[in-house]
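Residue-level structural notes
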Amino acid sequence: MQTAGAAPGTTPSADGGAFLRVRGLTKHFDITGGLLPRLLYGRKVVHAVEDVSFDLAAGETLGLVGESGSGKSTAARVIARLIPATAGEVHIGGHDVLRAGPAEMKAIRKDVQFVFQDPFSSLNPRMRIERLIGRSLTIHFDMSPMERRERVVELMEQVGLRADHIYRYPHEFSGGQRQRIAIARALASEPTMILADEPASSLDVSIQAQVLELLDGLRQRLGLTMIFITHDLNVAEFVSDQVAVMYGGRLMEQGPTEEVLQRPLHPYSQSLLEARPHFGVRERLRPLEGEPAIPINPPVGCPFAHRCPIRIQACTEANVELVEKSPGHKVACIRV
Amino acid sequence: MSEAVAVPAPPQLPSSYVAAWRTIRGIIANDRKAQIGAAILAGSIIVAIIGPYIAPHDVEEPNVAIRLTGPTLSNIMGTDHLGRDLFSRIISGLTVSLLVATGAVLIAVVIGVPLGAFAGYQGGWVDTIIMRIMDAIIAMPGRLLAIALVAAVGPSVGALWVAISFSSVPRYARLIRGGVLAQREREYVEAARAIGESSGSTLLRYVLPNAMAPVVVQITLNFPSAITAEASLSFLGLGLVPPTISWGQMLSGAQDYLEVAPWLAIFPGLALTLLIMGFVLLGDALRDHLDPRYHGRRRARKRAAA
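So, here's what we can say about the structure. Everything numeric in this text was worked out from a predicted model, so none of it was measured.

Structural notes on the overall build of chain A
For chain A, the count of helices and strands is 10 helices and 12 strands. Its C-alpha atoms give chain A a radius of gyration of 21 Å, near enough to 20 Å, the size a compact globule of 336 residues would have. Over its C-alpha atoms, taken along the principal directions, chain A stretches across nearly 65 × 55 × 45 Å. Taken across its 336 residues, chain A has 54% of its residues classed as buried.

What to know about the pairing of strand E9 (residues 242-247) of chain A
Residue and element names in this part refer to chain A. Across the six residues of E9, six count as buried, placing the element largely inside the fold. Here E9 shows no split at all, with Gln242, Ala244 and Met246 on one side and Val243, Val245 and Tyr247 on the other all buried. Bridge analysis of strand E3 (residues 61-65) against E9 gives four bridges, and the strand direction is parallel. Each bridged residue has a counterpart across the sheet, and for leucine 62 the counterpart in E9 is glutamine 242. Looking at chain direction, E9 and strand E10 (residues 250-256) are connected through six bridges and run antiparallel. Bridge pairing in E10 links tyrosine 247 to arginine 250.

Some points on the sheet that holds strand E6 (residues 112-115) of chain A
Residues and elements named next belong to chain A. In space, the eight strands of this open sheet follow the order E6-E7-E8-E3-E9-E10-E12-E11, with mixed pairing throughout. Across the chains shown, the open sheet's two edge strands, defined by having one partner strand only, are E6 and strand E11 (323-326). For this sheet, the mean inter-axis angle between neighbouring strands, taken without regard to orientation, is 20°. With five bridges joining them, strand E7 (residues 193-197) and strand E8 (residues 225-230) adopt parallel strand pairing. Among the inter-strand pairings, methionine 193 is bridged to a residue of E8, identified as threonine 225. The sheet strands contacting helix H2 (residues 72-79) are E3, E6, E7, E8 and E9, and the helix crosses E8 at an angle near 155°.

With respect to the packing of aromatic side chains
Residue and element names in this part refer to chain A. Per the stated rule, a full pass over the model turns up five aromatic pairs over all chains. Judged by centre distance (5.2 Å) and plane angle (85°), the ring pair of tyrosine 247 and phenylalanine 304 falls under edge-to-face. Placement of tyrosine 247 in strand E9 and of phenylalanine 304 in the loop between helix H10 (267-274) and E11 is noted, with a sequence separation of 57 residues between them. Classification of phenylalanine 304 as buried rests on a relative accessible area of 1%. Through successive ring pairs, a cluster of aromatic residues spans Tyr247, Tyr268 and Phe304.

Quick look at the sheet that holds strand E5 (residues 95-96) of chain A
Residue and element names in this part refer to chain A. Here four strands make up an open sheet; going across it, the order is E2-E1-E4-E5 and the pairing antiparallel. With one partner strand each, in any of the chains shown, strand E2 (45-57) and E5 form the two edges of the open sheet. Examined bridge by bridge, strand E1 (residues 18-30) and E2 share nine bridges and lie antiparallel to one another. Each bridged residue has a counterpart across the sheet, and for alanine 18 the counterpart in E2 is alanine 57.

A look at the packing of helix H4 (residues 129-140) of chain A against helix H6 (residues 175-188) of chain A
All names here are of chain A. Put simply, H4 and H6 touch, their axes get as near as 7 Å, and they point 25° apart. By the angle between their axes, H4 is roughly parallel relative to H6. Relative to H6, H4 is oriented so that their crossing is right-handed. On the side of H4, the interface is formed by Ile129, Leu132, Ile133, Ser136 and Leu137, while H6 contributes Ile181, Ala184, Arg185 and Ala188. The residue inventory of the contact of H4 with H6, partitioned by class, reads seven nonpolar, one polar and one charged.

A closer look at the nonpolar core
If you look at the biggest cluster of nonpolar residues, it comprises 110 residues, and the most contacted ones within it are A:Ile133 and A:Ile183. For this core, the leading source of residues is helix H3 (residues 86-122) of chain B, giving 15 residues. Those residues in contact with A:Ile133, other than ones at most four positions away along the chain, are A:Val152, A:Leu155, A:Met156, A:Ile181, A:Ala184, A:Arg185 and A:Ala188. Counting residues in hydrophobic clusters, the runner-up holds 38 residues, among them A:Val22, A:Val46, A:Val97 and A:Phe114.

Looking at the interface of chain B and chain A
Between chain B and chain A, the residue contacts involve 27 residues of the former and 37 residues of the latter. For the chain B and chain A pair, buried surface summed over both sides reaches about 2800 Å², with 56% attributable to carbon and sulfur atoms. Between chain B and chain A we count three salt bridges in total. Among the salt bridges present, the one from A:Arg135 reaches B:Glu197, with a minimum N-O distance of 2.7 Å. Counting the contacts that link chain B with chain A gives 12 residue pairs in polar contact (both at pLDDT 80 or more). The greatest single-element share of the side of chain B that touches chain A, amounting to six residues, is contributed by helix H8 (residues 187-194) of chain B. By residue class, the composition of the side of chain B that touches chain A is 17 nonpolar, four polar and six charged.

Basis of the calculations
- Residues numbered from 1 in each chain as written.
- Chains lettered and ligands numbered in written order.
- Predicted model: local features only at pLDDT ≥ 70, side-chain atom pairs only at ≥ 80, totals over all residues.
- Heavy atoms only, no water.
- Helix = DSSP H or I, 4+ residues; strand = E, 2+ residues; numbered from the N terminus.
- Rg over C-alpha atoms; globule rule 2.2 N^0.38 Å.
- Buried < 20%, exposed > 50% of the residue type's maximum accessible area, 1.4 Å probe, protein only.
- Pairing = 2+ DSSP bridges.
- Axes fitted to C-alpha atoms, helices over the stretch in contact; angles between N-to-C directions.
- Contact = heavy atoms within 4.5 Å.
- Phe/Tyr/Trp six-rings, centres within 6.5 Å; stacked < 30°, edge-to-face > 60°.
- Parallel < 35°, antiparallel > 145°, perpendicular 65-115°, else oblique.
- Left-handed = near helix turned anticlockwise from the far one by under 90°.
- Nonpolar A, V, L, I, M, F, W, Y, C, P; charged D, E, K, R; others polar.
- Core = buried A, V, L, I, M, F, W, Y, C linked by side-chain atoms within 4.5 Å.
- Buried area = accessible area lost by both parts, 1.4 Å probe.
- Salt bridge = Lys/Arg side-chain N within 4 Å of Asp/Glu carboxyl O.
- Polar contact = N/O pair within 3.5 Å; in protein donor to acceptor, adjacent residues only side chain to side chain.

If you want it as structure tokens, here you go:
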């Protein structure tokens, strides 16, 4: 799984076939709110992402799964360096992302693109589509205005938009069309990797499938490496080769999609799967009891312990490491 | 790019400034208040420009034979204590009034907007220092400061520009800073970073265009205060001095003849009121449509009326 051939345009890194390598990635937000609250109540730190490590081979898609607040969006933003990391390392195609200087960072921006969750706020309302997509071309390529316009039209057609809409503003489009614009913008710099943060979850169900199909088709055609964030296991199953389950800022389980979804090892993954609605299957869902952990100054131990049906004393006494149980299938649970 | 792609016709109106102008034109077309305000202002600007050519009399030529006469056919607003034509002098005063106000507003915008934008975008101690200086300026009584400044450097159009604009700089800085802070957290700003925009380009192309609407409103509402500031300074003898003609100065001179020649005060006063009304009406209408904070209030009013 980790030895797939490099996609066109990627630099094979020293580490076998791992195109993306994340090590010990950590992001803390200080939400103390000033000196006085700090003196009165002590520091309050949200451990949004805690010691996350994984590899992804070129051309593969990782489905990053978890409920809201699990830190999956933050993890993606830190990997793309849209926000600074607290600790850890990210290597993408030979670039040391978190330590790159301005020049290298520009190359990384060209190679790594982001598709945001809400297409109603991710497009500048004052820019026509021509500029929205064309800015990326201006930044990364040397093109004449005419060439640029032709390329924008190509990109629009590639994502299923009508070329004669090129001079419209974002507000003249529906949610699905806006997300297509955002995808075209991401493709403009000819990236090798795309991070998509729940790109379909804010759209109507009927449109969701179209956007997912589009992204999956583009990924296959262009040989893109992808991180696909979702809370929907059905979506993860459809788009990804690998699945990583996140909870309370930590990775709970990671492995090949089929294996994780067929034989989940972690109790949290199991409960996620049991709570998943199936079309036409009339069995009772078993929702998970309790509320998700809010990782403010979290104690040591497994973040899932307080909701876990099989917890023991040892679960809350030390942090739990990811352990490989079968080839490529890792789980962070001392009970399995 | 291998084969010819059918590219739609080149942009007819690609500029966002044209789009902004269209928005303003649309507001004027649909709002009675804006129409009246715009008509007054358009008239004033035309008169200010062609003033010297339409003025019936020389503004300085005394004619002692007809001194302090009321409105007649040849002097439709009467004459002053030297027999000079009041109508011609009011036209000349209009030019001066607009010139001083435009300069003062322009200076305040050119200094205040970049300061506030930079403060809001940078944040941290840069923001703290800039905004505390702005607070200090706000804490000083503006008119008094202007008087002190003009008294110190002597009356001239330049001194008035600086004196009047000084106290309104913080208003622009605060306004744009608020807008920048609100826009900075929007996802399209993050998206700009994701496609590799520099931080300067992000500020200029993404944040500022979306934070400018309240500034446009503030500009139209800043004009009346600049006009009255100039008039009151000149009234006190601290503004423009003869031979430059100013409405404030005319009002000041009219005090001595209030009982025998009240038109000397009435007409400059009316002119001042009309000009200010033009700006206030237009500014009000623009605020109703452009400033999102007032939308709720407008809708509430409409609901109450229905």
